[in-house]
Amino acid sequence: MTSMSRARVARRIAAGAAYGGGGVGLVGAAAVGLLLAEVRLARRHVGNGSVGRVPVADGVYGHAYDVPGEPPLRLALLGDSTAAGQGVHRAGQTPGALLASGLAAVAERPVELRNVALPGAQSNDLDRQVALVLSAVDPVPDVCVIMIGANDVTHRMPPTRSVRHLSAAVRRLRTAGAEVVVGTCPDLGTIEPVQQPLRWLARRASRQLAAAQTIGAVEQGGRTVSLGDLLGPEFEANPRELFGPDNYHPSAEGYATAAMAVLPTVCAALGLWPADEERPDASRREGFLPVARAAAEAASEAGTEVTAAMPTGPRGPWALLKRRRRRRVSEAEPARPSV
């Protein structure tokens, strides 16, 4: 599917989410029977992402930066098993801990992490998770990271419904005063046990949903980062290294790769990224685009950020597309959380 056609599909899904439609499908009806048969076969090998112990990583990171009287930055994670960190054994290996450690180092302030993500969750669980994050007993987080979408695809949730739930969550968090960064649906077409034609259908569905999620989140004032790398090209090239023992969830190295894709956008949302990095770089094909086109391009290239720019234009709202520089896992210093 070309970038332009993906943009058209994403616009239709996002419009359906905004105006109450629900009839836009991720794949053609003729493929549904074959898809369901392949899904049943694949699930025998990979499970459904809803079992297994998840390390608890909540706490304060970066105590070395303590300043008396200055509260820590507050970071909340919402979403599914990917946000929770299912598949690793130590709290410090989860994406929440990695993001909190990285943010503390950049901000030179302690970071308090709260993770309300639920393994197996679909986007309709975000309402409950947002309520937990915005509970009266806790201050509103400075920034919230949402990772959601994979289970929506595997459980065939209508994409308009999926985007509607995500948009509502972003809107509530932004209204409360939190910055929001959404890691969009990962590329499910690279899960190792999945065979053709499910592999092609899963990749197409994942990218369509990721693009539509981007439109919905950006229109509500959030930023998005494409998480294709989470189960994408780097995973496809190194499945033994980047997948965990169940061949479905990431390994510690895989979560580190994903966290490094999201961290620059989290820092930028809080005004902590260098000013020269915020200007679009034409040599990296960055710039201002209609939001649907930016969403489609981001879905095709992992690690790409999309954020709102101009509210109106000849083709609707516009967005800034950024391809932030990322270090490879082997080049990154290991996280040393202090909880």
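Look up: the structure comes first, before these words.
First, a word on scope: everything that follows refers to the structure included in this document. (Residues numbered from 1 in each chain as written. Predicted model: local features only at pLDDT ≥ 70, side-chain atom pairs only at ≥ 80, totals over all residues. Heavy atoms only, no water.)

A short note on the nonpolar core
And step 1. Membership of the largest hydrophobic core comes to 33 residues, with the highest contact counts inside it found for L75, L99, L103, V145, V181 and V262.
And step 2. For this core, the secondary structure elements donating two or more residues are β2 (73-79), α3 (81-84), α4 (95-107), β3 (111-115), β4 (143-147) and α11 (252-269).
And step 3. Tallying contributions element by element places α11 first for this core, with nine residues.
And step 4. Apart from residues lying up to four places away in sequence, L103 is in contact with L73, E108, V111, V143, L263, V266, C267, L270 and L272.
And step 5. Of all hydrophobic cores here, the second largest spans 23 residues; its members include A150, V153, C185 and L209. (Core = buried A, V, L, I, M, F, W, Y, C linked by side-chain atoms within 4.5 Å. Buried < 20%, exposed > 50% of the residue type's maximum accessible area, 1.4 Å probe, protein only. Helix = DSSP H or I, 4+ residues; strand = E, 2+ residues; numbered from the N terminus. Contact = heavy atoms within 4.5 Å.)

Some words on the pattern of salt bridges
And step 1. Going through the model one piece at a time under the given rule, you end up with 13 salt bridges.
And step 2. Between E286 and R284 there is a salt bridge whose closest N-O contact spans 3.8 Å.
And step 3. In this structure, E301 and R323 form a salt bridge, with 2.9 Å as the shortest nitrogen-oxygen distance. On the criterion of sequence distance, the pair formed by E301 in the loop between α13 (291-300) and β8 (304-308) and R323 in strand β9 (residues 318-323) is long-range, its members being 22 residues apart.
And step 4. R323 sits in the buried class, given a relative accessible area of 8%.
And step 5. Salt bridges sharing partners connect three or more residues here, namely R285, R293, E297, E301 and R323. (Salt bridge = Lys/Arg side-chain N within 4 Å of Asp/Glu carboxyl O.)

Notes on the environment of A121
And step 1. As for its position among the elements, A121 is in the loop between β3 and α5 (126-133).
And step 2. Assessed through its relative accessible area of 4%, A121 is described here as buried.
And step 3. Separated by 28 residues in the primary sequence, A121 and G149 place their C-alpha atoms 8.8 Å from one another.
And step 4. Setting aside anything within four residues of it in sequence, one finds A121 in contact with G79, D80, Q129, I148 and N151.

Considering unusual backbone geometry
And step 1. Of note in the backbone geometry, R156 takes a positive phi value of approximately 60° without being a glycine.
And step 2. Tracing the chain through its elements places R156 in the loop between α6 (150-154) and α7 (159-176).
And step 3. Judged by its relative accessible area of 45%, R156 falls in the partly exposed class.
And step 4. Here R285, not a glycine, exhibits a phi torsion of approximately 60°, which is positive.
And step 5. Mapped onto the elements, R285 comes out in the loop between α12 (275-278) and β7 (287-290).

Brief notes about the pairing of β4
And step 1. The buried fraction of β4 is high, at five of five residues.
And step 2. Burial along β4 is two-sided: V143, V145 and M147 and C144 and I146, pointing in opposite directions, are all buried.
And step 3. Here β2 runs beside β4; their pairing, made up of five bridges, is parallel. Counted as the bridge partner of L78 is I146 from β4. (Pairing = 2+ DSSP bridges.)

Some remarks on the sheet that holds strand β6 (residues 223-225)
And step 1. Read across the sheet, nine strands follow the order β1-β3-β2-β4-β5-β6-β8-β9-β7 without closing on themselves; strand pairing throughout is mixed. Edge positions in the sheet fall to β1 (59-61) and β7, since each has one partner strand and no second. With direction set aside, neighbouring strand axes in the sheet form an average angle of 25°.
And step 2. Note that β7 and β9 share four bridges and pair antiparallel. Within β9, the residue paired with F288 across the bridge is L320.
And step 3. Running at roughly 155° to β2, α4 makes contact with β1, β2, β3 and β4 of the sheet.
And step 4. Seen against the sheet, α7 touches β2, β4 and β5 (179-183) and runs at an angle of roughly 155° to β5. (Axes fitted to C-alpha atoms, helices over the stretch in contact; angles between N-to-C directions.)

A few points about the pairing of β3
And step 1. Judged by which residues are buried, β3 turns out to be one-sided: V111, L113 and N115 face inward and are buried, whereas E112 and R114, on the alternate face, are not.
And step 2. Across three bridges, β1 lies against β3 in antiparallel orientation. Considered in β3, the bridge of G59 is made with L113.
And step 3. As paired elements, β2 and β3 share five bridges and run parallel to each other. Its bridge partner being in β3, L75 is matched across the sheet by L113.

All we've got here are geometric facts, nothing functional implied.
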